[in-house]
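# Report on the structure
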Amino acid sequence: MTESKEQWPASLTARIAQTVKTHRLQRGMTTDDLAAACEARGVPIAAYTITKIEKGRRGSFKLEEVLVLAHALDLPLVALLIPLTDQDNIDLLPNVTTPVWAAAAWITGEDYLGEAPPPGSARAVLAVFREHDVDVRTALISTREAHNRRLQARQALGSARYEQLSRQAEQLDRMAHEDCARLKAVRDQMRADGLQPAPLPADLEFVEAPASPISG
């Protein structure tokens, strides 16, 4: 049942407070520890304030407090705002009751209903960055697999397995080259669209090296 406009702020605050306490204790942190972690991140929250929050003696949170508490507890922001484990539906807003996962998907910008986001929308931009992340992970995996198989072939030189391992290494090299070429093309397109892709992992820096053989 949807909470009243009067009940909802207190319910949201209590939910966040309980999550803060649960994860603080799971990490073996005292309120002083958590206060120090917040201070180190540039948003001071006194230990006595954290105690008040956890005991339900605070009626609301400031946005910067929510952000720093999530970061200090090493929690995705969505996990601090949405209870992911103990209920089916949640009052996302006073007049909006929705399944928990739908609420989480809305906060993270996920495409919960499977519909393509409008071009140029914030959700579309988030989708581009997610696809880029998948391309990075794929290129990392295939590049490392190709490298490992080449090493195995080299170690098997002169044995009966050498030819088989060499063929596999060639196949994996082709796959890795295709994955890296796709990654480079995606990054080039992101820049053309005014987006800045994240730095590449060290193992993939060659993809954008000036003399890189990677091409579309």
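Okay, so let's go over this structure.

The rules we used
Residues numbered from 1 in each chain as written. Predicted model: local features only at pLDDT ≥ 70, side-chain atom pairs only at ≥ 80, totals over all residues. Heavy atoms only, no water. Helix = DSSP H or I, 4+ residues; strand = E, 2+ residues; numbered from the N terminus. Buried < 20%, exposed > 50% of the residue type's maximum accessible area, 1.4 Å probe, protein only. Areas by Shrake-Rupley, 256 points an atom, 1.4 Å probe, with all protein chains shown as cover. Lys, Arg positive; Asp, Glu negative; His and termini not counted. Charge placed at Lys NZ, Arg CZ, Asp CG, Glu CD. Expected span 1.5 Å × (residues − 1). Contact = heavy atoms within 4.5 Å. Core = buried A, V, L, I, M, F, W, Y, C linked by side-chain atoms within 4.5 Å. Patch = residues over 30% accessible without salt bridge, like charges linked within 9 Å, V, L, I, M, F, W, Y side chains within 5 Å. Salt bridge = Lys/Arg side-chain N within 4 Å of Asp/Glu carboxyl O.

### Quick word on the overall build of the protein chain
Regarding its fold elements, the protein chain presents eight helices and two strands. Put simply, the protein chain runs from its N terminus to its C terminus through helices and strands in the order α-α-α-α-α-β-β-α-α-α. Residue burial in the protein chain is summarised as follows: out of 216 residues, 37% are buried. Only carbon and sulfur atoms are counted for the fraction: they give 55% of the accessible area of the protein chain, which is about 13,400 Å². Counting 25 positive and 29 negative side-chain charges, the protein chain places the averaged centre of each group 4 Å from the other.

### Details of the environment of D193
Within the element layout of this structure, D193 appears in the segment after α8 (162–192). Residues D193 and G42, 151 residues apart in the sequence, show an inter-C-alpha distance of 33 Å.

### Quick look at α8
Here α8 spans 44 Å end to end across 31 residues, near enough to the 45 Å set by a 1.5 Å rise per residue. Those residues of α8 that fall on the buried side of the exposure criterion are L165, S166, A169, L172, A176, D179, C180, A181, L183, V186, R187 and M190. The secondary structure elements touched by the buried residues of α8 are α7 (122–155). Downstream of α8 by a residue or two, G194 has a phi angle that is positive, lying close to 85°.

### Thoughts on the nonpolar core
It is characteristic of soluble globular proteins that their nonpolar side chains tend to be buried jointly. One finds I16, V20, L34, C38, L69, L80 and I82 to be the most contacted residues of the largest nonpolar core, which totals 30 residues. Of all the elements in the fold, those that place two or more residues in this core are α1 (8–26), α2 (31–40), α3 (47–54), α4 (63–72), α5 (77–81), β1 (89–93) and α6 (100–108). In terms of residue count, the dominant contributor to this core is α4 (five residues). Counting residues in hydrophobic clusters, the runner-up holds eight residues, among them A139, L140, L204 and V207.

### What about a nonpolar patch on the surface?
On the surface, L63, L67 and L77 cluster together into a nonpolar patch covering about 280 Å² of accessible area. Mapped onto the elements of the fold, L67 is located in helix α4. A relative accessible area of 44% places L67 in the partly exposed class.

### Overview of the pattern of salt bridges
Working definition: two side chains of opposite charge can pair if their charged atoms are close together. All chains considered together, the criterion is met by nine salt bridges. Put simply, R137 and D133 hold a salt bridge, and the shortest N to O gap is 2.8 Å. You can see R137 and its partner D133 sitting in helix α7, four residues apart, about one turn around the helix. With relative accessibility at 53%, the residue R137 sits in the exposed group. We classify D133 as partly exposed; its relative accessible area is 35%. Ionic contacts of the salt-bridge type, sharing partners, join the residues R187, R191 and E208 into one network.

### Observations regarding the side chain of H23
Examined against the element boundaries, H23 turns out to sit in helix α1. Filtering out sequence-adjacent residues up to four positions away, H23 remains in contact with L73 and L75.

### Quick word on α4
Here α4 has its buried residues at E65, V66, V68, L69, A70 and A72. Next to the buried residues of α4 lie α1, α2 and α5. The first or second residue beyond α4 is D74, which carries a positive phi of 55°.

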